Each structure stands twice: as C-alpha cells, then as structure tokens.
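Descriptive analysis of the structure
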Amino acid sequence: MGLFDEVNKAVTNQQEVNSYSAILQENGISINNMKTANLNGKLNISGTVHDMQTAERVVALLQGQPGIEGVVNLLEVEDLTSKNIQMSVETKESNLNIRKGPGTNFEIIGKASHGSTVQLIKRMYNDWYYVKTDEGIEGFCSKSYLKEM
Amino acid sequence: MKKLKLSCISACLVLFMVASCGKDHSKQIARTWTVSDIEASTTLQDSVKTKMLSNSQMVFTKDGQYTANGGIGTDQGSYTLDKDGKSLSTMSDAGKGNQVYTIDKLTDDKLVLKNSGNTITCVAKN
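Residues numbered from 1 in each chain as written. Chains lettered and ligands numbered in written order. Predicted model: local features only at pLDDT ≥ 70, side-chain atom pairs only at ≥ 80, totals over all residues.

1. Here's the deal with the overall build of chain A
Threshold: Numbering of helices and strands runs from the N terminus; a helix is a DSSP stretch of H or I covering at least four residues, while a strand is a stretch of E covering at least two. Any two residues are considered in contact once their C-beta atoms, placed from the backbone, lie within 7 Å.
Along the backbone of chain A there are 2 helices and 10 strands. Put simply, of all contacts in chain A between residues at least 6 apart along the chain, 54% involve residues at least 24 apart.

If you want it as structure tokens, here you go:
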C-alpha cells in the first residue's frame, strides 16, 4: 500500500490500453472509451464499437496476445439514437419485417411499410440493423432493404 | 580560550539552524492536504483523473501518522521525513513494506510528491 497506488494502477492500466489500442489500430479498429482490466490472464475489455462484427474481431485479435488466456467481451455497440439517422425502407413492394433478433430465424414483431422511414439505433452485424419504426416498434431488420436519407 | 568559545557558539548556532530547519518541514507537512492535481507518466483519460481527484485528501499528523482517502485510494500508517525535507517515507498499516516519495515542493500551502515518474500536487486544506 502507498499514497500512489491508485495512480500507479491507472498508469499500468493506461499503458495496457495503449498497447492493445495499437494492435487494434494496426487492424483498422478503434474503440471509444476503451477500458481493460487483466485479471490473471483474463482480459475484460469494454467500450463502444461500430458494430458486433468489430467486437468479435477485437476478441479474436486480443485472444492470442502474450499474457492473455481469455477475453471477456464487455464491448457495446455504439448507440446512434442521438444522431437521428433516418433511413428509408427500400423494399420492392412489400413491407419490411422487423424481427426480435438479427436473423430470419427470429420471430417477426412488426413491419415497416414500403417507402416509410425508420430510425437507425445500432449497427449490429453488418447485414442487420436495430431500428425504430415510425410507429415506435423497435427491432432488427436487414440492412439490404434500407437506404440512408 | 576565546577562540574555543567562539567555535562552540558557532557550532551551536549551526546545530540550532539545522534542527530548526528539520522542525519546520515536520511542521509544514503536518496538516490536511487536498489533492489538486495528478500528473502521470502516461496520459490518463480525463474521467480516470477526475475520479482519482474526487474528494482525495492526505492527512499527516505531528505524531508521525498519516491517512489517505478519496479517489486516490485509502491508506494509513506512519511516516518519516528526511532531515532535508526532500523525501517522505511511509509505512502502511496494511504491512506491505515502506514507500519512499520525493518531495518536490513543501511550503505552508503546497505539497508536491513524486514517485515512479508520477506527480501528486496537494494544497493545504483551510
């Protein structure tokens, strides 16, 4: 124990974050508000990323680093609500299915009509977005049928 | 005989001055200090720094005891100053050995401590 314990801990932690950031940047990945804690080889990593696939790439990249036996993924996908990104529903004629999860195997919980607009909340996997319809229904839909306005 | 007397007086004067200086440092540090700034060897995130500065204070008492609390961490134990007032040693009650800090500045209202490339600045609490 000592008067500088917390400062020394913060410095060690920041140096770790810096070294992990460098590895991620080499691979074109950036994490906002990145925090890490290495607990006996188990690396807890938190912060916000662009989408879920990025989070999975982060885990894969750091998993193999010296001194890391496992990675606990506490990363969150960036919440875009405040950016108010509106997207138009670009289906051929039909309405767009809004689902409970990111995949066609998940239950349909609502629909966004052809030509309507939805608000982008989070980019999940590359082909699936979490959106909010004009009618207030929140759920997942395929990115293929959306176009940024 | 006169020379001897003069030498004795001079020696006493020097000893008195040295003793006085040491006493001053002990007096100066024995108060409550509020942590006002932290400069780390690595740039820290603002949120981390703010958290560490939050309600952080160090209290050094005349009887050689200290406590630290707030965002900077909780610790208590005993301390000693070197005679020049240039270094501070602490022995935590938690019993994990002593720590030595360089005293960069010690006045009645400011205390600056350095350790492992990190600097903590404190101001005297009124």
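Following the structure, the description resumes.
2. A word on the overall build of chain B
As a reminder, the rule being used: Burial is judged by counting the other C-beta atoms within 10 Å of a residue's own C-beta: 20 or more makes it buried, 12 or fewer makes it exposed, and any count in between marks it as partly exposed, with every C-beta position built from the backbone.
For chain B, the helix and strand inventory stands at 2 helices and 8 strands. Starting at the N terminus and walking to the C terminus, you meet the elements of chain B as α-β-α-β-β-β-β-β-β-β. Each of the 126 residues in chain B was classed as buried or not, and the buried ones make up 21%. In chain B, the proportion of contacts linking residues at least 24 apart, taken out of those at least 6 apart, comes to 36%.

3. Details of the sheet that holds strand β3 (residues 70-77) of chain A
Residues and elements named next belong to chain A. Our working rule: By definition, two strands form a pair when at least two bridges between them are found by DSSP. Axes here refer to lines fitted to C-alpha atoms; in helices the fit is confined to the stretch in contact. Angles between the N-to-C directions go from 0 to 180 degrees.
Here we have 3 strands laid out as an open sheet, ordered β1-β2-β3, and mixed in their pairing. Among the strands making up the open sheet, the edge pair consists of β1 (32-39) and β3. Direction aside, neighbouring strands of the sheet carry axes that sit 10 degrees apart on average. Relative to β3, strand β2 (residues 42-49) runs parallel, the two being bridged by 8 bridges. Of the residues in β3, the one forming a bridge with Ile-45 is Asn-73. With respect to the sheet, helix α2 (residues 52-63) is in contact with β2 and β3, its orientation differing from that of β3 by roughly 160 degrees.

4. Considering the interface of chain B and chain A
Note the cut-off: Polar here means any residue other than Ala, Val, Leu, Ile, Met, Phe, Trp, Tyr, Cys and Pro, which are nonpolar, and Asp, Glu, Lys and Arg, which are charged; Gly is therefore polar.
On the chain A side, the residues contacting the 24 residues of chain B number 12 residues. Elements with a contribution of two residues or more to the side of chain B that touches chain A: α2 (46-53), β5 (87-92), β6 (98-106), β7 (110-115) and β8 (118-124) of chain B. Grouping the amino acids of the side of chain B that touches chain A by side-chain chemistry returns 12 nonpolar, 10 polar and 2 charged.

5. Quick notes on the nonpolar core
Nonpolar side chains tend to gather and get buried jointly when the protein is soluble and globular. As a reminder of what qualifies: Linking buried Ala, Val, Leu, Ile, Met, Phe, Trp, Tyr and Cys residues through C-beta atoms within 7 Å yields a set, and such a set is a nonpolar core.
If you look at the biggest cluster of nonpolar residues, it comprises 26 residues, and the most contacted ones within it are Val7(A), Ala10(A), Met58(B) and Ile120(B). At the level of elements, α1 (5-26) of chain A together with β1 (32-39), α2, β2 (57-60), β3 (65-69), β4 (75-81), β7 and β8 of chain B are the ones that each hand at least two residues to this core. Ignoring sequence-local partners within four residues, the contact set of Ile120(B) consists of Phe4(A), Val7(A), Val35(B), Ile38(B) and Leu113(B).

6. Side note on the pairing of strand β5 (residues 96-99) of chain A
On a regular strand, each side chain points to the face opposite its neighbour's, so the side chains alternate between the two faces of the sheet. All names here are of chain A. Side chains of β5 alternate between two faces, with Leu-96 and Ile-98 buried and Asn-97 and Arg-99 left unburied. Taken together, the 4 bridges between β5 and strand β6 (residues 108-112) define a ladder with antiparallel strand orientation. Residue pairing for β6: Arg-99 is matched across the bridge by Ile-108.

Everything listed here is a matter of coordinates, which is why it stays silent on function.
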